[in-house]
Amino acid sequence: MGYPKVTVVGAGFVGATAAQRIVEKELADVVLVDVVEGLPQGKALDMMESAPIEGFRTRISGTNDYAETKDSDVIVITAGLARKPGMSRDDLLAKNAEIISGITKNCVEASPNAIIITVTNPLDVMTYLAWKVSNFPTRRVMGMAGALDSARYAYFLSQELMCLPSDVDPMVLGGHGDQMVPVPQHTKVKGKPVTECLQPDVLEPINQRTRDGGIEIVQLLKTGSAYYAPSASAVRMVKAVLQNTGDVIPSCVYLTGQYGIKDVYCGVPARIGREGVMEIPEIELTDQQKQDLKASAEHVRENCEKLKIAV
Ligand code: TXD
C-alpha cells in the first residue's frame, strides 16, 4: 500500500522543515509547492538525495503547479510573509490574506476531500479565511498555533523544574498572539498540575515568556522567524490526522458556542483524527481565563470582519 499524500505550500523555512520531518518520519509522500521557480524543486531534490543516508522510503517532489497536488490527504499552508523585527502578526494581515485566498482556491480544486492545516500568520484570521474560501465543513480546516505555544510553555517550565521537556504536558489557549492564554492548572508535570509545583511569582514570568515566545526568536534571528518548533508542531497535527490518533492538541478551530464563543476560529484543545476536528472537549477555566479567552477571540473576530470584504 502506498503512503498518504501531503501537500506543503510554501517552501520557506517552516514549509521545507515540515516537509523534511514528514518524509523522514515516513508519515506521507510530500508535494512541496512555492511560487518561486526552482525553490521547491531544489529543496525536494536535496531532501531525496538524503534518502540513501537517512533510509526513508517516502518521496518528496517540488513544483509550482497545483495539478501535482491532486488528491492530497492533508494540505499544510505555510506560504506568505514572515514577521520582521518590529512587525506584529496583524501587520501581515492584508498581504497574507491575498496569498492564502489564492492558494486555498488552487488546493481545494485539486484536493476536494483534504484536511487543511494553516500555519501562516496572523494565524487565526488566515484559518478563518482558508475555511471561507474552501467552502469545506469547519472540521476539515484548522490552524496550528496552540501546539507551538504549548511546546514553548513546556520547554520553559522544564527548564525551571529541571525535568525533561517531554515530562511536561502543557496547555495554552487563545489566539496566536499577545493575547494567548496559558492554563497552568491544566498543565501537568509528571501528572501533577504545575500550579502545585511553582509559586505564582515564578509562574507568571514563564507565562509571559510564552506569550512573547515568537518575538524572542525573531529578535535573536533578526531576519525571519522561528521554524524548528513551528514545523514540529504542524507535523504533530498532520500525524494526528493521518494516523487517526484522536490526540487532544491545542489547535485553532471553529467554535460554535464552546466557552461562550461562537462563529470564530480560536485556539482551544481539540481532538484530532482522520476527519479533522473530531471533538472540542471543554476544560474548566477560571473566570479570568474565560475572560482572556473571550478577549482573544474578539480580537480575531475584529480582524475577520475586516477581511469579509475580501472574501
Ligand atoms: O505558530 C505559527 N502558526 C507560526 C506561523 C510559527 C512560525 C511561522 N509562522 C508563519 O508562517 C510566518 O509568520 C509566516 O506567515 C509563515 C511562513 O514562515 P516562514 O518562516 O516559512 O517564511 P518564509 O521562509 O519566508 O517562507 C514563505 C514561503 C516563501 O518560500 C515564499 O516564496 C512562499 O512562502 N510564498 C508562496 N508560495 C506559494 N504561493 C504563494 N502565493 C506564495 N507567496 C509566498
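Residues numbered from 1 in each chain as written. Predicted model: local features only at pLDDT ≥ 70, side-chain atom pairs only at ≥ 80, totals over all residues. Heavy atoms only, no water.

Colleague: Sorry if this is basic, but what is going on with the pattern of salt bridges here?
Modeller: For the coordinates displayed, the defined rule picks out 10 salt bridges. Arg211 is the salt-bridge partner of Glu204, the closest N and O atoms lying 3.4 Å from each other. Taking relative accessible area as the criterion, Arg211 reaches 19% and is therefore assigned buried. (Salt bridge = Lys/Arg side-chain N within 4 Å of Asp/Glu carboxyl O. Buried < 20%, exposed > 50% of the residue type's maximum accessible area, 1.4 Å probe, protein only.)

Colleague: Which parts of the structure should I look at to understand the site of the ligand?
Modeller: Around the ligand sit 30 residues in total, of which Phe13, Val14, Asp34, Leu81 and Met144 are the nearest. Leu81 places a main-chain nitrogen or oxygen 2.8 Å from an oxygen atom of the ligand. Between the ligand and His176, the relevant distance is 3.1 Å, taken from an oxygen atom to a side-chain nitrogen or oxygen of the residue. Contact with the protein chains removes 87% of the 860 Å² of surface that the ligand exposes when unbound. Mapped onto the shell around the ligand, the elements with two or more residues apiece are helix H1 (13–24) and helix H4 (93–110). At three residues, the largest contribution of residues to the shell around the ligand is made by H4. Grouping the amino acids of the shell around the ligand by side-chain chemistry returns 19 nonpolar, nine polar and two charged. Domain assignment of the residues forming the shell around the ligand places at least three in each of domain 1 (5–143) and domain 2 (146–306). (Near = heavy atom within 4 Å. Polar contact = N/O pair within 3.5 Å; in protein donor to acceptor, adjacent residues only side chain to side chain. Areas by Shrake-Rupley, 256 points an atom, 1.4 Å probe, with all protein chains shown as cover. Helix = DSSP H or I, 4+ residues; strand = E, 2+ residues; numbered from the N terminus. Nonpolar A, V, L, I, M, F, W, Y, C, P; charged D, E, K, R; others polar. Domains from an automatic or database assignment.)

Colleague: Which parts of the structure should I look at to understand the nonpolar core?
Modeller: One broad trend across soluble globular proteins is that nonpolar side chains are buried collectively. Of all hydrophobic cores here, the largest spans 87 residues; its most connected members are Val6, Ile22, Ile60 and Met142. For this core, the element with the most residues is helix H5 (residues 123–134), which contributes eight residues. When we break this core down by domain, the ones giving at least three residues each are domain 1 (5–143) and domain 2 (146–306). With near-sequence residues (within four places) excluded, Val6 lies in contact with Ile22, Ala28, Asp29, Val30, Val31, Ser72, Val74, Val76, Val238 and Leu242. (Core = buried A, V, L, I, M, F, W, Y, C linked by side-chain atoms within 4.5 Å. Contact = heavy atoms within 4.5 Å.)

Colleague: Explain unusual backbone geometry to me, please; I cannot follow it from the model alone.
Modeller: Both trends apply: most residues other than glycine have a negative phi, and most peptide bonds are in trans. Asn121 connects to Pro122 through a cis peptide bond whose omega is -5°. Structurally, the position occupied by Pro122 is in the loop between strand E5 (115–118) and H5. With a phi angle near 55°, Glu26 is a residue other than glycine that sits in the positive phi range. Within the fold, Glu26 resides in the loop between H1 and strand E2 (29–33). Despite not being glycine, Lys222 shows a phi value in the positive range, around 70°.

Colleague: Before we go on, may I ask you to explain the sheet that holds strand E7 (residues 168–169) in this structure?
Modeller: Each strand in a sheet pairs with another by means of backbone hydrogen bonds, the pair being arranged parallel or else antiparallel. Reading across the sheet, the three strands line up as E7-E10-E11 and stay open at both edges, with antiparallel pairing between neighbours. In this open sheet, the two strands that pair with only one neighbour each are E7 and strand E11 (192–193). Note that strand E10 (residues 188–189) and E11 share two bridges and pair antiparallel. Looking across to E11, one finds that Val189 is bridged to Lys192. (Pairing = 2+ DSSP bridges.)

Colleague: I tried to follow the packing of aromatic side chains on my own but got confused; where do I start?
Modeller: The description of two aromatic rings rests on the distance between their centres and on the angle between their planes. Counted by the stated rule, this structure contains seven aromatic pairs. What links up through ring pairs into an aromatic cluster is the set Tyr128, Trp131, Tyr254 and Tyr265. Here the guanidinium or amino end of Arg140 rests over the ring plane of Phe136, the centre of that ring lying 4.2 Å away. (Phe/Tyr/Trp six-rings, centres within 6.5 Å; stacked < 30°, edge-to-face > 60°. Lys NZ or Arg CZ within 6 Å of the ring centre and 35° of its normal.)

Colleague: Looking at this model, I keep getting lost on the environment of Asn106. Mind explaining?
Modeller: Within the secondary structure, Asn106 is located in helix H4. Distance from Asn106 to Tyr66, taken between C-alpha atoms, is 6.4 Å for residues 40 residues apart in sequence.

Colleague: Could you clarify how one ought to interpret the pairing of E2 in this entry?
Modeller: Residues in a regular strand point their side chains to alternate faces of the sheet. The buried fraction of E2 is high, at four of five residues. Bridge analysis of strand E1 (residues 5–9) against E2 gives five bridges, and the strand direction is parallel. Its bridge partner being in E2, Lys5 is matched across the sheet by Asp29. After leaving E1, the chain enters H1 and then returns to the sheet as E2, a path that is right-handed. As defined by bridge partners, E2 adjoins strand E3 (residues 60–63) across four bridges and the pair is classed as parallel. Note that in E3 the partner of Val31 across the bridge is Ser61. (Right-handed = clockwise from strand over helix to strand, strands pointing away.)

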